[in-house]
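Coordinate inspection notes
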Amino acid sequence: MNITLDVDKCCAAGQCVLVAPEVFDQRDEDGIVVLLDAQPPAEQHAAVHEAAAICPAAAIQVDA
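Residues numbered from 1 in each chain as written. Predicted model: local features only at pLDDT ≥ 70, side-chain atom pairs only at ≥ 80, totals over all residues. Heavy atoms only, no water.

As recorded in an unreviewed UniProt entry, the protein chain goes by the name Ferredoxin, listed as coming from Streptomyces ochraceiscleroticus. The heading Cofactor (unreviewed entry) in the UniProt record of the protein chain holds the text "[3Fe-4S] cluster". Quoted verbatim from the Function (unreviewed entry) heading of the UniProt record, the comment on the protein chain is "Ferredoxins are iron-sulfur proteins that transfer electrons in a wide variety of metabolic reactions." (UniProt positions renumbered as here; feature names shortened; annotations may be inferred.)

If you want it as structure tokens, here you go:
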């Protein structure tokens with residue numbers, strides 16, 4: 001799994017953190033997405049794909 005973040009597109013909605021908190025977080029100062037785990041375990045893959053799908057800014061790209 002390869003996760004790519006486009007922080008310039010991120011609108012700080014936080015949906016990724018709600019869906020996959022073990023993989024994504026937000027910066028305290030502005031809420032922009034932060035990748036916590038670039039190689040999440042297999043049991044997190046579905047949540048990562050969901051986070052990418054629901055991101056309102058399409059800032060998360062997942063290649064599996």
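1. Some remarks on the environment of Glu50
With respect to the helices and strands, the residue Glu50 is situated in helix H2 (residues 45-54). Note: C-alpha distance between Glu50 and Pro40 (10 residues apart in sequence) is 14 Å. (Helix = DSSP H or I, 4+ residues; strand = E, 2+ residues; numbered from the N terminus.)

2. Remarks on unusual backbone geometry
Unlike most non-glycine residues, Ala12 shows phi in positive territory, near 65 degrees. Not every positive phi belongs to a glycine, and Ala58 is a case in point at roughly 55 degrees. Mapping Ala58 onto the fold places it in the loop between H2 and strand S4 (60-63).

3. Quick look at the pattern of salt bridges
Counted by the stated rule, this structure contains 2 salt bridges. In this structure, Arg27 and Glu29 form a salt bridge, with 3.6 Å as the shortest nitrogen-oxygen distance. Between Asp30 and Arg27 there is a salt bridge, with the nearest N and O atoms lying 2.6 Å from each other. Within the structure, one salt-bridge network assembled from shared partners comprises Arg27, Glu29 and Asp30. (Salt bridge = Lys/Arg side-chain N within 4 Å of Asp/Glu carboxyl O.)

4. What to know about the environment of Ala58
For Ala58, a relative accessible area of 47% translates into the label partly exposed. Along the chain, Ala58 and Lys9 lie 49 residues apart, while their C-alpha atoms are 7.3 Å from each other. (Buried < 20%, exposed > 50% of the residue type's maximum accessible area, 1.4 Å probe, protein only.)

5. Thoughts on the pairing of S4
Residues Ile60 and Val62 line the buried face of S4, whereas the alternating positions Gln61 and Asp63 sit on a face that is not buried. Pairing geometry for strand S1 (residues 2-5) and S4, over 4 bridges, is antiparallel. When the sheet's bridge partners are listed, Thr4 is paired in S4 with Gln61. (Pairing = 2+ DSSP bridges.)

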